[in-house]
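Reading the structure
What follows is the residue order along each chain.
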Amino acid sequence: KYTLNTCNQTIRYMEAFNNLDLLLRGFWLVAIPVTIIFLIQMVLTFIGTDASDGTSADFDGDFDGGDAPFQLFSFRNLMNFLLGFSWTGISFYKIIPNQTLLILLAVAVGGLFVYFFFLIIRTLMRLSEDNTFKLSETIGKTAEVYVPIPENKSGRGKITISVRGTMHELEAMTAGARIPSNVMVKILSIEDSVLFVERI
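In short, a report on the structure. (Residues numbered from 1 in each chain as written. Predicted model: local features only at pLDDT ≥ 70, side-chain atom pairs only at ≥ 80, totals over all residues. Heavy atoms only, no water.)

1. Thoughts on the overall build of the chain
- A tally of helices and strands in the chain yields four helices and five strands.
- Along the chain, from the amino end to the carboxyl end, the secondary structure elements read α-α-α-α-β-β-β-β-β.
- The burial tally for the chain puts 30% of its 200 residues in the buried class.
- Working note: accessible area of the chain is about 12800 Å², and carbon and sulfur atoms make up 62% of it. (Helix = DSSP H or I, 4+ residues; strand = E, 2+ residues; numbered from the N terminus. Buried < 20%, exposed > 50% of the residue type's maximum accessible area, 1.4 Å probe, protein only. Areas by Shrake-Rupley, 256 points an atom, 1.4 Å probe, with all protein chains shown as cover.)

2. What about the pairing of strand E4 (residues 184–191)?
- With three bridges joining them, strand E1 (residues 142–147) and E4 adopt antiparallel strand pairing. Looking at E4, one finds that Glu 144 is bridged to Met 184.
- Note that E4 and strand E5 (residues 194–199) share six bridges and pair antiparallel. Residue Val 185 lies in a different strand from E5, and its bridge partner there is Arg 199.
- The turn joining E4 and E5, which pair antiparallel and follow one another in sequence, is formed by two residues; a positive phi near 50° is taken by Asp 192. (Pairing = 2+ DSSP bridges.)

3. Some words on a nonpolar patch on the surface
- Nonpolar side chains collect at one region of the surface, where Ile 32, Ile 36, Ile 40, Val 43, Leu 44 and Ile 47 lie side by side and expose about 540 Å² of accessible area between them.
- One can find Ile 32 in helix H2 (residues 22–46).
- On the accessibility criterion, Ile 32 (44% relative accessible area) is partly exposed. (Patch = residues over 30% accessible without salt bridge, like charges linked within 9 Å, V, L, I, M, F, W, Y side chains within 5 Å. Salt bridge = Lys/Arg side-chain N within 4 Å of Asp/Glu carboxyl O.)

4. Some details on the nonpolar core
- Grouped together as the largest cluster of nonpolar side chains are 14 residues, with contacts concentrated most on Ile 149, Ile 159, Ile 179, Val 185, Ile 187, Leu 195 and Val 197.
- Of all elements in the fold, only E1, strand E2 (157–163), strand E3 (166–173), E4 and E5 reach the threshold of two or more residues within this core.
- Among the elements that line this core, the one with the most residues is E2, at three residues.
- Core analysis: the next-biggest nonpolar cluster, separate from the first, contains ten residues, Phe 27, Ala 31, Ile 90 and Ile 96 among them. (Core = buried A, V, L, I, M, F, W, Y, C linked by side-chain atoms within 4.5 Å.)

5. Let's talk about helix H3 (residues 75–91)
- The terminal C-alpha atoms of H3 lie 24 Å apart, and with 17 residues this matches the ideal 24 Å at 1.5 Å per residue to within 8%.
- Taken together, the buried positions of H3 are Arg 76, Asn 77, Met 79, Asn 80, Leu 83, Gly 84, Phe 85, Ser 86, Thr 88, Gly 89 and Ile 90. (Expected span 1.5 Å × (residues − 1).)

6. Re unusual backbone geometry
- Unlike most non-glycine residues, Asn 152 shows phi in positive territory, near 50°.
- Position of Asn 152 among the secondary structure elements: in the loop between E1 and E2.
- Positive phi outside glycine occurs at Lys 153, with the angle close to 60°.
- One can find Lys 153 in the loop between E1 and E2.

7. Section: the sheet that holds E2
- Taken in spatial order, the five strands of this closed barrel run E1-E2-E3-E5-E4, and their pairing is mixed. Sheet twist, expressed as the mean angle between neighbouring strand axes with direction ignored, is 55°. (Axes fitted to C-alpha atoms, helices over the stretch in contact; angles between N-to-C directions.)

8. Some remarks on the side chain of Thr 138
- Inspection of the secondary structure assignment puts Thr 138 in the loop between helix H4 (99–128) and E1.
- Thr 138 gets classed as buried once you look at its relative accessible area, which sits at 0%.
- Looking at Thr 138, its side chain comes within polar contact range of the main-chain oxygen of Leu 135, at 2.6 Å.
- When residues no more than four places from it in sequence are discounted, the contact partners of Thr 138 are Phe 133, Ile 161, Val 163, Leu 170, Ile 187 and Leu 195. (Polar contact = N/O pair within 3.5 Å; in protein donor to acceptor, adjacent residues only side chain to side chain. Contact = heavy atoms within 4.5 Å.)

Right, here's the structure in full:
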């Protein structure tokens, strides 16, 4: 009896689906499998087996001046586009009677889904970058003397320098004359974790 009721209910659903307008039926035919695939992709991403799909540097997705690599034409992005496209069509089908306008809106929202995915990937990639400060990044840059630097490598002073928006206080030496505080210097080299500088 349970099986018979289930079959009857399925038949009613199929009849109701077949009675839908052609465009709305098309939106549902896209939405159902795409949503299932999207959910599977989300699960795979969270467990770490599918996290790199759609992010390889096949296309430079520089939508807003960023430099994050982004593969535009990927299966994941196709799913993102179709997800936004289909559900927008379903949601606004009764609100927007003009089918051409409805399709244009669905395409626009699908594009926004792809763009939002790009923003998410760019953020994740920035979080995964190695932000460890390296002394080698200071070579060739200018800095300000904080503690006077003795002449002819006879002692160490300190300089302050901004690297990637962060201020650092570092030890420095010079092979020339003494350099007083508040003087700008250029960093020439590094020896034993000490910066060698010259007065500008």
